[in-house]
Amino acid sequence: MSEQTVVKLDQVNKWYGKYHALRDIDLAVAKGETIVICGPSGSGKSTLIRCLNNLEQHDEGGITICDITISDNVKDIEKIRRHTGMVFQHFNLFPHMTVLDNCTFGLRHVLGMSVVQANEVARDLLNKVKIGDQEQKYPGQLSGGQQQRVAIARALTMSPDIMLFDEPTSALDPEMISEVLEIMRSLSKDGMTMICVTHEMGFAKEFADRIVFMEAGSVIEISPPEEFFVKPKTERAKVFLDQILAH
Amino acid sequence: MNHQASIEKITGKPIEARAKKSIPLSFSRVVVWIKRNLFNTWLDSLVTLAIIALLCLLLPKALDWLFFSATFSGTSRADCTPGAACWIPIRQYMDYYIYGPFPESEQWRVNSAFAVGLFAFPLLFSQRIPQKWIVVYILVLPVVLWLLLKGGFIFEDISTSALGGLTLTFFLGIIAMCLSLPVAILLALGRRSQLPILRWACTGYIEIIRSVPVITFLFMASLVLQLFLPSGVSIDVLFRVLFVLIFVSAVYKAEIIRGAIQAVPKGQIEASYAMGCGYWKTMAYVVMPQALRNSVPALITNFIGLFKETTLVMILGLLEVMGAINATFHNAEWLGLHAEGPIVISAFFFIACFSIAQYGAHLERRIKRTKH
């Protein structure tokens, strides 16, 4: 494994009962790369990204994140999760905590930071996602876009090496998508390693280093966006792009 | 501002936020309310009139029996007015109802135990006190009560037979309430555990215990247990009773909490795990706070039930407040007064349980404020 590779998947397979959800996935992601995973629904995009931090367990093959290979060892898995930050489709903010407490949660309970120190780090990141003035509100008092920005800030508090985005804009009203994409753009520019499952093809075109196209549990194409959008290698990708870009 | 301006362009006048007009309460509004709510249809009118008639018939009689013709002061049965309540024995035995046969020189311990217990109200109702302290208080309270009322450490031992009346009810009720909740949380988590043996053990325990009446366990605790213990070994009856109360009521609470845990979205746990948080911290800081908030109404009902169940220890010869009151009315002097005892007992339990319910309502209001 080269020093630059931070995510490496080797012949990863997963089944849900008899359903073959992931089939022989090979993928290597270099430090600082932005990867967009796309494909029709049910193609295994979310399953794949959730396997990376072991929210789903794969059955065969190897997944190595920042030189730690996923195994049954709970300590290793917790270490991997500290190296990765995840942003979910439905934000999954803790509704019983204020915005600030949401963002200091990991710092206090995982890293054992003092409240004062944690608040400082969290405030800094909340300002970065332009939501510093709402820190005493509860998630339920914010709009969807604001909640997702808090969720991104929360994931960033752990200073992850890799950010995983699982359809971060799919549950948002159209007018709020841009504010979340804007944050993702600035992260990508700052050199964060990002793996995004998203249908935002505009974002993919502009910022992805490579696009991973999935279909029925397999990766069928990995190409840079200029190639993928202009001349997709497979017929399936062409159909997919036609459908998604048509509307 | 821009938005405001565009609205102005369309409507020609500024639209500003203003307070809702308040309508003063007037006689005519009251009449309208009565018409609408009590005499809306002929059936409504009939029911209203029937209830008013019933109240007119019963209420004066009841009030007369309870207060106006009742005897409050006096020394013996001869002072009682026939056909009305006689509150003399209640007043005479009040000390006994509260302290039971607790040694008089040590009654300060009972008083301080009540004080420590009632301190729960300012503590639980206050907004400013951190939840950590409340958890500590709930876990320390049973120990303090045991030391004060039963003895141990620097306190002189009090024999179990000296505990009675309100003191005993309070002692059993509070300790059982405080300790059954943590047991219930562990049982609920155990039943949802990934480890099969733990899960089966918790499920089996819950299913068996909740299928058998509490009173049976109390009997078993008093009689059957002695059969299995080696001779000469005996466990204090108070300990056995508490054990039964805690571990039986924990089963019902465990099922309430399990339901509430299942209602916490899976994404909450995933979000916590994704940050590298382990199982116990995720449960303690993410899942349980939400699950407990959602189960407040059901848990409060359970606490009230548990508090009232303490009266069952009567069958083991422990004279808690109900037993103590009943005992005085079996005294030859006061024999034949049937209604006074139950009325006083009801009044006492109503005050205690209604306070618990009020705390529940307060919690719900507070939770509502953070939910949107």
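Residues numbered from 1 in each chain as written. Chains lettered and ligands numbered in written order. Predicted model: local features only at pLDDT ≥ 70, side-chain atom pairs only at ≥ 80, totals over all residues. Heavy atoms only, no water.

The name given to chain B in an unreviewed UniProt entry is Amino acid ABC transporter membrane protein 2, PAAT family, with Marinomonas polaris DSM 16579 as the source organism. The record in UniProt for chain B states the following under Sequence similarities (unreviewed entry): "Belongs to the binding-protein-dependent transport system permease family. HisMQ subfamily." (UniProt positions renumbered as here; feature names shortened; annotations may be inferred.)

Chain A carries the name Amino acid ABC transporter ATP-binding protein, PAAT family in an unreviewed UniProt entry, which gives Marinomonas polaris DSM 16579 as its organism. Under the UniProt heading Subcellular location (unreviewed entry), the entry covering chain A gives this text: "Cell inner membrane". Taken verbatim from the UniProt record of chain A, the Sequence similarities (unreviewed entry) comment is "Belongs to the ABC transporter superfamily."

A.B. asks: Account for the domain arrangement of chain B, naming residues and giving values.
C.D. replies: All names here are of chain B. According to the domain assignment, chain B consists of domain 1 (2–87) and domain 2 (91–371). Inter-centroid distance (C-alpha atoms) of domain 1 to domain 2 is 36 Å. Contact residues are listed per partner, giving twelve residues for domain 1 and eleven residues for domain 2. Around 900 Å² of area is buried between domain 1 and domain 2 when both sides are counted, 56% of it from carbon and sulfur atoms. Ranking the residues of domain 1 by area buried against domain 2 places R77, C86 and W87 at the top, with a combined share of 61%. Linking domain 1 to domain 2 there are zero salt bridges. Summed over the shared surface of domain 1 and domain 2, the number is three residue pairs in polar contact (both at pLDDT 80 or more). The residue makeup of the side of domain 1 that touches domain 2, split by class, is eight nonpolar, three polar and one charged. (Domains from an automatic or database assignment. Contact = heavy atoms within 4.5 Å. Buried area = accessible area lost by both parts, 1.4 Å probe. Salt bridge = Lys/Arg side-chain N within 4 Å of Asp/Glu carboxyl O. Polar contact = N/O pair within 3.5 Å; in protein donor to acceptor, adjacent residues only side chain to side chain. Nonpolar A, V, L, I, M, F, W, Y, C, P; charged D, E, K, R; others polar.)

A.B. asks: With reference to specific residues and values, describe the UniProt feature "domain: ABC transmembrane type-1" (unreviewed entry) in chain B.
C.D. replies: Residues annotated by UniProt as "domain: ABC transmembrane type-1" (unreviewed entry) correspond here to residues 166–356 of chain B. Annotation note: span residues 166–356 of chain B, helix share 77%, strand share 0%, distance between end C-alpha atoms 16 Å. (Helix = DSSP H or I, 4+ residues; strand = E, 2+ residues; numbered from the N terminus.)

A.B. asks: Could you give an account of the sheet that holds strand 3 (residues 34–38) of chain A, naming the residues involved and the relevant values?
C.D. replies: Residue and element names in this part refer to chain A. Pairing within the open sheet is mixed, and its six strands lie in the order 6-7-8-3-9-10. Two strands bound the open sheet, and with one partner strand each, they are strand 6 (84–87) and strand 10 (218–223). When the angles between neighbouring strand axes are averaged without regard to direction, this sheet yields 20°. As paired elements, strand 9 (residues 210–215) and strand 10 share five bridges and run antiparallel to each other. Opposite M214, over in strand 10, you have V219 as the bridge partner. Seen against the sheet, helix 6 (residues 174–189) touches strand 3, strand 7 (162–166) and strand 8 (193–197) and runs at an angle of roughly 145° to strand 8. (Pairing = 2+ DSSP bridges. Axes fitted to C-alpha atoms, helices over the stretch in contact; angles between N-to-C directions.)

A.B. asks: So, the interface of chain B and chain A: which residues are in play, and what are the values?
C.D. replies: Counting from both sides, the interface comprises 20 residues of chain B and, opposite them, 24 residues of chain A. Each partner contributes to the roughly 1900 Å² buried at the junction of chain B and chain A, and carbon and sulfur atoms together form 63% of this total. For the interface between chain B and chain A, the tally reads one salt bridge. Residues R50 of chain A and E270 of chain B are paired through a salt bridge, measuring 2.6 Å at the closest nitrogen-oxygen approach. Inspection of the region where chain B meets chain A yields six residue pairs in polar contact (both at pLDDT 80 or more). Examining the composition of the side of chain B that touches chain A, we find that eight residues originate from one element, helix 13 (residues 266–274) of chain B, more than from any other.

A.B. asks: Give me the sheet that holds strand 4 (residues 60–65) of chain A: which residues, what numbers.
C.D. replies: All names here are of chain A. Strand order in the open sheet made by the four strands is 2-1-4-5, with antiparallel pairing throughout. Here the strands that pair on one side only, and so sit at the sheet edges, are strand 2 (19–30) and strand 5 (68–69). Pairing between strand 4 and strand 5: two bridges, direction antiparallel. Within strand 5, the residue paired with T64 across the bridge is T69. Packed on one face of the sheet, helix 1 (residues 45–52) meets strand 1 (5–16), strand 2 and strand 4 and runs near 125° to strand 1.

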